[in-house]
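Letter by letter, the chains look like this.
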Amino acid sequence: MLRQVLQAGLGGSFHALGRFVASHPVFFASAPMLLSILLGASFSRYRVEENVEYLLAPKHSLAKIEGNLVESLFPVNRSKHALYSDLQTPGRYGRVIVTARKGSVLDPVHLDTILTLHRRLYQMQVTVPASSASSFNYSFSSLCLPDDNNACIIDDIIRSMQGIQAARAANHTPPPLKYPITRLADGRQAYIGHQLGGVQGWGPMAKGDGVRSARALQLTYYLQAHTSLMDKVAGQWEMAFCAELQHFGAAHPKLGLYPSTSSSLRTDFQQSSVLARRPLLISLGLCSVLAVLCCSMRDCVRAKPWLGLLALLSITLSGLTAAGILNLTGATYNSTYLGIPFVMLGHGLFGSFEMLSSWRRTREDQHVKDRVAAVFEDVMLRFSGSTLLHLTALGLAASPLTNMEAVRLFCRTASLGVAVGYVYTLSLYGSCLVFTGYLETGYRHGCFCRRVPKPERLDAKPAWYRCLMYTRYEEETAGPHASPPHVTHSTAAHMHAHPHSHPHMQPHVHAGAAPPLSALGPDPHPHPQDSHLLLGCMRRCYGDWITNTYVKPFVVLLYLVYISFGLMGFMQVTQGSDPSALVAMDTATVLYARAQQRYFSSYSPVIGFYIYESAPYWNASVQRDLLEYTKGFQRISWLESYLGYLSELNQSTSQPRHNFTRTLRLHFLRQPRYAHFADDIIFAERGAGEEPEVAASRVFLVAKTTENKREEMSVLLDTLRRLSLTSRVRFLIFNPSFVYLDRYAAAVGWPLRHSLLAVLFLLGLASLALVEPLVAAWLGLTLLSVQFGVVGFMTLWGVELDCVSVLCLISTLGHAADCSAPLLCGFAGGRGESRTRWVRVALERHGVASLQALLCYAAALAPVACVRSNLTRTIFRCLALAAGCSALHTLAFLPTLLTFLPPAKSKDAPGGRGPGSPRQEVECVEMNDSTRVVDQITTV
């Protein structure tokens, strides 16, 4: 009873709203347009988010806290002897991978060319500002990170190659180059595992034997960017760096050059938006054409081609309004927002086509205000419910609880767009429905708005004109074989209970009563709406075919296959935490990442091992523990070198603290080959006359990896963190890439999991007071099935679970509800007759609207597949799978399963007297004839 009261109250409210919109159509048509134009002027405040780490890395993670601690202990500027910047944050830099298309990069001809490139980059200058009397020229030597002698720090491989070149010029034997740790001319050890790639040695490389050949070489040029001016100059130098490499590569085709800078990821991430501009316009054009075709029909008066364009106009203006609101609030844009237009388009199209379908079921002799009110009463309750599902799924993911900023910003913007689109559908599209209703009442052409001549005048026209102006006048449908006449407008909310009677003549059936059997039987007379191709096919062909007894087993088998393949993909879901997988294709970031994977995948990135508290390094057991922790890694450790130094002096490695520290400071670190370790140790004063102690120290580690480098790094991070909790020595590990790996699975999976739970909770809550419990149950199962299938099939299609795919999966919840909820509500609301009959009725009423929306949505989505971007490819695949799985459930799986699963229909005849039979009712029916004389006939 509470459900009936609430439905009646909400239905009456929407009925009044529809009448109010129909009474003021000019205001509701002009106000949204004017608001969109005013807010569209705010694009002067358009700003793009440039911090990719802020978007794609988990917002609250231990790795960021560890990075701040590392930066406070070992600032980048303290690294004077070695490039330890990779251990913390790269800052501004230019990096290039040089490959030899034939031979080795260490061959004399290639080695000389690479050193020539190094000199050109070293001497390259940029002018800032570009055109001004006060311009200054900046070279790499004035921007680079300096060492203690104020000389630029360069890669160790450059020193080795210069030594090889000098030895060859003097006809001497070149010094041996070992891999991955070699010894330089000054006696110190240097790690070159990230500077030489594709290495082949004279013996097993694990033993550090000499390098015979190398296919690739990587050079890095670090820049200072402490002030805004230096940062601007460094940005200009990076641009000149890429341009110089492009010219040099064209002049030396035997070498392959793959540059990368600190701004490459940001630029290439936003490049997806630039590449998608033209395909999005093509999408809008294709969707417009298909929307016009879906709204057209043979009957030129009842056709509504302009409503298809007006629906897209309403969605476009709502998107412009939402963008204006974001601009005024200071929000920034990023490439993940490319999926928001499709979220708004899918939701808006379903609502628009449902309204149009309901309009076709109203009485044509009613006043336009009554027809619009009936449409609002029939559709808006369902449309409001699906909008609430959208807002629930997106709103929870947009809350501060979401740990991924890209997901939070996308869902916040999408929820705003959906809410504005809902208001525009009520106002702008509702007023457009009023205007087209007046055109239909005046028997004017649906496209040209010209009044259609009467049949007797039309017969005298040419054949092409008769074809263009074909319509069925009301007098044609009021002959002696016509069905029972119209109902009054007060019964418009229940007219859809009479599915197959003439659309002009539908008797009222109370919500608690079953319709007469004749209402569900075949209608021998033609319907004006049958001139609509999709509606005619759904009514006469598809509904009977999909509910055929011999077709049902194949549909059930198809669903089992769907579940099987979905499960297969679901068990193989992988995480995609690599930011380079979300940028445009054929860009510097992608080409560099491919070269990095091909030539430098043998070793992991440099991992910083930081002991951030004072530890008893002189204790033998602590020394054993630290050596055990770093065992199995490629490493250059000050502690290991110092213990070896003590052994060379025949001193014990276990000494009193005073002797241990004094020898370290005054002897070990003053040796030229060990002086660079001074950057790795922090001494703290203890008091007057006391020897300082080692307050903190660091060691760099490199792990041997395979092709799944990121997965192995994630496992390594978890393993070492667990070890740090039980160790006597307090340490942490850090690398800039850890901010993307740390808690990534939880950050990505949380919004999706909790949005799904929130939607299911909302459905359960609504079933207590508003929605039929079985409808809520079926809709919840449908959402789970669609989501499960999309996750499984996207994995089989090569899509990883990253922030972009999760965004699409969250929007899939609302899309699936839009598609299947009207069908379920239409089926559950029927009483009497069989399940099969009511499945056909529900398909006729709501299946056509869903099919029209899906066709237009697919047409809009198709051009996105042509965009050369990994991000848009993920969006296209996920949204295409969401549309396909929703279509399968709405048009195949649900119609078949509902024919033999609950809810059950009453099998008693409508006129029966049994206890389960519906009660008889007295109804008042209007009789309309061609003379417009109305009699009231009371029937029992």
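Worth saying up front: this structure is predicted, and the values here are computed from it rather than measured.

Turning next to the environment of L257. With respect to the element layout, L257 can be found in strand β8 (residues 255-261). What makes L257 buried here is its relative accessible area of 18%. In this structure L257 touches V96, I97, V98, L117, L245, F248 and G249, once residues within four positions along its chain are discounted.

Attention shifts here to helix α5 (residues 108-123). Relative to the 22 Å expected for 16 residues at 1.5 Å per residue, α5 spans 23 Å between its end C-alpha atoms, a close match to the ideal helical length. Among the residues of α5, H110, L111, T113, I114, L115, L117, H118 and L121 are the ones counted as buried.

Side chains of L557, L560, V561, F565, M568 and L796 sit close together on the surface and give an oily, nonpolar patch of about 520 Å² of accessible area. With 5 residues, the single largest contributor to the nonpolar patch is helix α19 (residues 552-570). Checked against the element boundaries, F565 lands in helix α19.

Further remarks concern the pairing of strand β1 (residues 92-100). Counting buried positions over the 9 residues of β1 gives 9, a clear majority of the element. Side chains of β1 alternate between two faces, with R92, G94, V96, V98 and A100 and Y93, R95, I97 and T99 buried alike. In this sheet, strand β7 (residues 211-223) lies alongside β1 in antiparallel orientation, the contact comprising 8 bridges. Paired with G94 across the two strands is Y221, which belongs to β7. Bridging between β1 and β8 involves 7 bridges; their strand directions are antiparallel. Bridge pairing in β8 links G94 to T261.

Another aspect to go through is the packing of aromatic side chains. Taken as a whole and judged by the stated rule, the model has 35 aromatic pairs. Judged by centre distance (5.6 Å) and plane angle (80°), the rings of F20 and F28 are edge-to-face. Clustering of aromatic rings is evident, with ring pairs tying together Y642, Y645, F660, F668, Y674 and F677. Geometry around W359 places R371 over its ring, the cationic atom sitting 4.0 Å from the centre. For the cation-ring pair, K461 lies above Y465, with the distance from its terminal atom to the ring centre recorded as 5.6 Å.

Of the residues in the chain, 87% have a pLDDT of 70 or more, and the chain-wide mean is 84. Averaged pLDDT values for the elements of the chain fall to 35 in helix α17 (residues 517-520) and rise to 96 in α19. Considering only residues more than four positions removed or in separate chains, one finds that residues 907-940, a stretch of pLDDT under 50, has 60 contacts.

Relative to the helices and strands, S384 is located in helix α13 (residues 368-397). Within the structure, S384 has its side chain in polar contact with the backbone oxygen of M380 (distance 2.6 Å).

Turning our eyes to something else, we now look at the environment of L458. Along the chain, the position of L458 falls in helix α15 (residues 455-458). Separated by 11 residues in the primary sequence, L458 and M469 place their C-alpha atoms 8.1 Å from one another. Not counting chain neighbours up to four residues away, the residues in contact with L458 comprise P453, Y465, R466 and M469.

What the rule picks out here adds up to 1 disulfide. One disulfide bridge connects C144 with C152, the sulfur atoms lying 1.8 Å from each other. Its S-S torsion of about -75° marks the bond between C144 and C152 as left-handed, since a negative value means left-handed. With respect to burial, C144 and C152 carry one shared label: buried. Free cysteine C447: the closest other cysteine sulfur is in C449, separated by 7.7 Å. With no disulfide of its own, C878 lies closest to C808 among cysteine sulfurs, the gap being 4.7 Å. Under the relative-accessibility criterion, C878 is labelled buried at 1%.

On to unusual backbone geometry. Cis geometry marks the peptide bond from Y179 to P180; its omega dihedral reads 5°. The topology assignment puts P180 in the loop between α7 (156-169) and β4 (181-183). Its identity as a non-glycine residue notwithstanding, Y443 has a phi of 55°, on the positive side. Inspection of the secondary structure assignment puts Y443 in the loop between α14 (405-441) and α15. The phi dihedral of D586 falls on the positive side, at around 60°, and the residue is not glycine.

Turning next to the side chain of T387. Within the secondary structure, T387 is located in helix α13. When its relative accessible area of 4% is taken as the criterion, T387 is described as buried. Contact partners of T387, with chain neighbours within four places excluded, come to H347, V418 and Y422.

Our focus in this paragraph is the sheet that holds β8. Taken in spatial order, the 4 strands line up as β6-β7-β1-β8 in an open sheet, and their pairing is antiparallel. With partners counted over all chains shown, the strands left at the sheet margins are β6 (196-201) and β8, one partner each. Strand after strand, the sheet turns through a mean of 20° between neighbouring axes, direction not considered. Strand contacts of α7: β6 and β7, with the helix running at about 130° to β7, the strand carrying the most contacts. Relative to the sheet, helix α8 (residues 228-251) contacts β1, β7 and β8, its axis offset from that of β1 by approximately 15°.

Scanning the model with the defined rule gives 28 salt bridges in all. Its salt-bridge partner being E405, residue K59 comes within 3.5 Å of it at the nearest N-O pair. Taken together, the residues span a long stretch of sequence, with K59 in the loop between α3 (52-56) and α4 (62-73) and E405 in helix α14 at a distance of 346 residues.

Our next topic: the packing of helix α26 (residues 744-769) against helix α27 (residues 773-796). Packing of α26 against α27 leaves a shortest axis separation of 8 Å and a crossing angle of 165°. Judged on the interaxial angle alone, α27 and α26 are roughly antiparallel. In this structure, α26 crosses over α27, and the sense of that crossing is right-handed. Counting all contacts with α26, which are made through L752, L756, V759, L760, L763 and S767, the residues of α27 involved are P773, A776, L779, G780, L783, L784 and Q787. Considered class by class, the residues forming the contact of α26 with α27 number 10 nonpolar, 3 polar and no charged.

Rules used throughout
Sequence order as written defines the numbering, with residues in each chain counted from 1. Since the coordinates come from a predicted model, pLDDT governs what is reported: local features require at least 70, and pairs of side-chain atoms require 80 or more to be given and counted, while whole-chain, interface and lining totals use all residues. The basis for the side-chain values is all heavy atoms of the structure; hydrogens and waters are excluded. The helix and strand labels rest on DSSP assignments: H or I over at least four residues marks a helix, E over at least two residues marks a strand, and numbering proceeds from the N terminus. Each residue gets one of three labels from its accessible area relative to the maximum for its type: buried under 20%, exposed over 50%, partly exposed in between, using a 1.4 Å probe on protein chains only. Here, two residues are considered to be in contact whenever any of their heavy atoms come within 4.5 Å of each other. By this rule the span expected of a helix is its residue count minus one, scaled by 1.5 Å. Patches here are clusters of residues that have more than 30% relative accessible area and form no salt bridge, with a 9 Å joining cutoff for like charges and a 5 Å cutoff for nonpolar side chains (Val, Leu, Ile, Met, Phe, Trp, Tyr). Calculation of accessible area relied on Shrake-Rupley with a 1.4 Å probe; when residues are assessed, cover is drawn exclusively from the protein chains displayed. Any carboxyl oxygen of Asp or Glu within 4 Å of a side-chain nitrogen of Lys or Arg constitutes a salt bridge here. Following DSSP output, two strands are said to pair if at least two bridges run between them. Stacked, tilted and edge-to-face pairs are distinguished by plane angle, under 30 degrees for stacked and over 60 for edge-to-face with tilted covering the rest, among Phe, Tyr and Trp rings (Trp via its six-membered ring) whose centres lie within 6.5 Å. Whether a charge sits over a ring comes down to the Lys NZ or Arg CZ being within 6 Å of the ring centre and within 35 degrees of the ring normal. Every residue carries a pLDDT, the predictor's confidence in it, which falls somewhere between 0 and 100. A 3.5 Å cut-off defines polar contacts: any pair of N or O atoms within that distance qualifies, except that in protein one atom must be a possible hydrogen donor and the other a possible acceptor, and neighbouring residues in sequence count only when both atoms are side-chain atoms. By convention in this document, the label disulfide applies to cysteine sulfur atom pairs within 2.5 Å. To get an axis, a line is fitted to the C-alpha atoms, and for a helix only the part in contact is used. The angle between two axes follows their N-to-C directions and goes from 0 to 180 degrees. To sort the angles, those under 35 degrees are grouped as roughly parallel, those over 145 as roughly antiparallel, those from 65 to 115 as roughly perpendicular, and the leftovers as oblique. In this scheme, a crossing is called left-handed if the near helix is turned counterclockwise away from the far one by less than a right angle; it is called right-handed if the turn is clockwise. Charged means Asp, Glu, Lys or Arg here, nonpolar means Ala, Val, Leu, Ile, Met, Phe, Trp, Tyr, Cys or Pro, and polar covers whatever is left, Gly included.

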